[in-house]
Amino acid sequence: MSIANQLQGNVKARFNKWVNRRLLPKRKQTLNNKNLFIFPSKAGLGFLFVDFLLWLLGTNYENNMILGLAFFLMALFLVSIYHTFFNMAGLQLEFLRSTPCFVGEQGEVEILVSCQGEEGKESIAISYDSGSSVIVNLINDNESKIKLFVEAKHRGWFKPERIDILSRFPLGIIRCWSRPDLDVQILVYPKPVEGSEMPVSRGSENEGELLDASGAEDFYGFKPHLTGMSPKHIAWKQYARGQGLYSKDYVAYREQKVWLDWDALQGMAREQRLSRLCYWVLKISSTQQAYGLRLPNVEIEPNIGAEHKLQVLKALALFEWNQ
């Protein structure tokens with residue numbers, strides 16, 4: 001690492017530390033002179049350099065036209081500071097909701113951007129470091145809902161970095177920005193990893209609603225033999241003992257309740273087990289099969305439906321999770 005990069009990293013780390021003390025996490029924040037920062041942009045620095053050269057040239061040759069142009073450009077620069085700052089001042093940001101996702105996917109964050117009064121806000125870019133910017137213009141409306149996306153790096157409650165909000169309006173020579181923390185949290189499920197066998201443990205053998213099913217394999221008892229019944233099911237032993245002519249009765253049971261079991265994945269690391277269980281939750285939830293989840297100190301009774309699926313996924317996401 002070069003000395004310049006190391007120096008830049010140290011300056012950025014100190015600035016972020018200072019920002020963390022100054023801008024505390026809140027779900028709703030208003031931008032003002034306490035949390036807005038303003039500085040010339042790269043184009044603005046070039047603008048100042050050209051203006052300085054004009055002033056130097058006009059002074060050296062005692063040319064009033066050039067001096068007048070230099071003073072005019074400096075006045076334009078100073079007025080631009082005012083307009084750029086007040087284009088951001090008074091803007092309100094409020095965290096509305098986040099959408100759960102899986103590790104490695106893009107988590108969705110919905111934010112309400114608003115302002116008060118009749119003065120509009122233009123060309124304001126809002127983003128996370130790793131995501132694309134959303135440009136907000138509040139001209140005819142005083143509020144707008146936007147969605148930002150950020151990569152979920154770990155399971156559990158994932159807290160993204162601060163939001164970057166920036167404007168160079170109107171001339172692009174002044175850069176006004178802020179980095180508010182809206183106390184955003186995204187529920188992140190384990191990354192699904194396909195497994196060859198479902199990690200299940202079944203409940204009692206005869207579980208579920210009883211069904212008549214001739215030809216089924218589960219023996220249920222005897223019933224009197226009637227004409228038309230299959231001779232294959234005649235209880236010949238009972239008939240030989242003189243107990244009468246009976247047929248063997250076979251039944252089937254409706255689908256058994258399946259337990260996705262942590263202990264069925266012996267020898268695997270914790271995150272690998274959670275990823276494997278997550279895969280099978282998605283797989284089995286697409287059917288009408290009732291399923292439950294067994295984790296150490298956690299048990300969710302078998303059920304079906306979208307609400308049950310989300311409950312199971314949340315249990316996997318927060319299992320032994322430490323903030």
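Everything that follows concerns the structure shown earlier in this document.
What you see is a predicted model; the values in this text were computed from it and never measured.

Novice: Outline the packing of helix 5 (residues 270-285) against helix 6 (residues 306-317), supporting the account with residue identities and numerical values.
Specialist: Packing of helix 5 against helix 6 leaves a shortest axis separation of 10 Å and a crossing angle of 175°. In terms of their interaxial angle, helix 5 and helix 6 are classed as roughly antiparallel. Where helix 5 approaches helix 6, its residues Leu274, Leu277, Cys278, Val281, Leu282 and Ser285 are matched on the opposing element by Lys309, Val312, Leu313 and Leu316. Tallied by class, the residues present in the contact of helix 5 with helix 6 amount to eight nonpolar, one polar and one charged.

Novice: Please provide a residue-by-residue account of the sheet that holds strand 6 (residues 121-127), values included.
Specialist: Sheet architecture is open: five strands sit in the order 2-11-10-6-7, paired in antiparallel fashion. Bordering the open sheet on either side are strand 2 (37-40) and strand 7 (134-138), each of which pairs with just one other strand. Neighbour-to-neighbour, the strand axes of the sheet open up by a mean angle of 25°, direction not taken into account. The pairing of strand 6 with strand 10 (residues 164-167) spans four bridges and is classified as antiparallel. Along strand 10, the bridge assignment pairs Ile126 with Ile165. Each of strand 2, strand 6, strand 10 and strand 11 (174-178) touches helix 3 (residues 64-88); the most contacted strand, strand 11, lies at about 25° to it.

Novice: Go over the nonpolar core with me, naming the residues and quoting the values.
Specialist: Leu91, Ile111, Val113, Ile126, Ile165 and Ile186 are the most contacted members of the largest nonpolar core, which has 30 residues in total. Elements with a contribution of two residues or more to this core: helix 3, strand 3 (92-99), strand 5 (106-114), strand 6, strand 7, strand 8 (143-151) and strand 12 (186-189). Ranked by size, the runner-up nonpolar core spans 24 residues in total, among them Tyr189, Tyr291, Val312 and Phe319.

So, how was this worked out
Residues numbered from 1 in each chain as written. Predicted model: local features only at pLDDT ≥ 70, side-chain atom pairs only at ≥ 80, totals over all residues. Heavy atoms only, no water. Axes fitted to C-alpha atoms, helices over the stretch in contact; angles between N-to-C directions. Helix = DSSP H or I, 4+ residues; strand = E, 2+ residues; numbered from the N terminus. Parallel < 35°, antiparallel > 145°, perpendicular 65-115°, else oblique. Contact = heavy atoms within 4.5 Å. Nonpolar A, V, L, I, M, F, W, Y, C, P; charged D, E, K, R; others polar. Pairing = 2+ DSSP bridges. Core = buried A, V, L, I, M, F, W, Y, C linked by side-chain atoms within 4.5 Å. Buried < 20%, exposed > 50% of the residue type's maximum accessible area, 1.4 Å probe, protein only.

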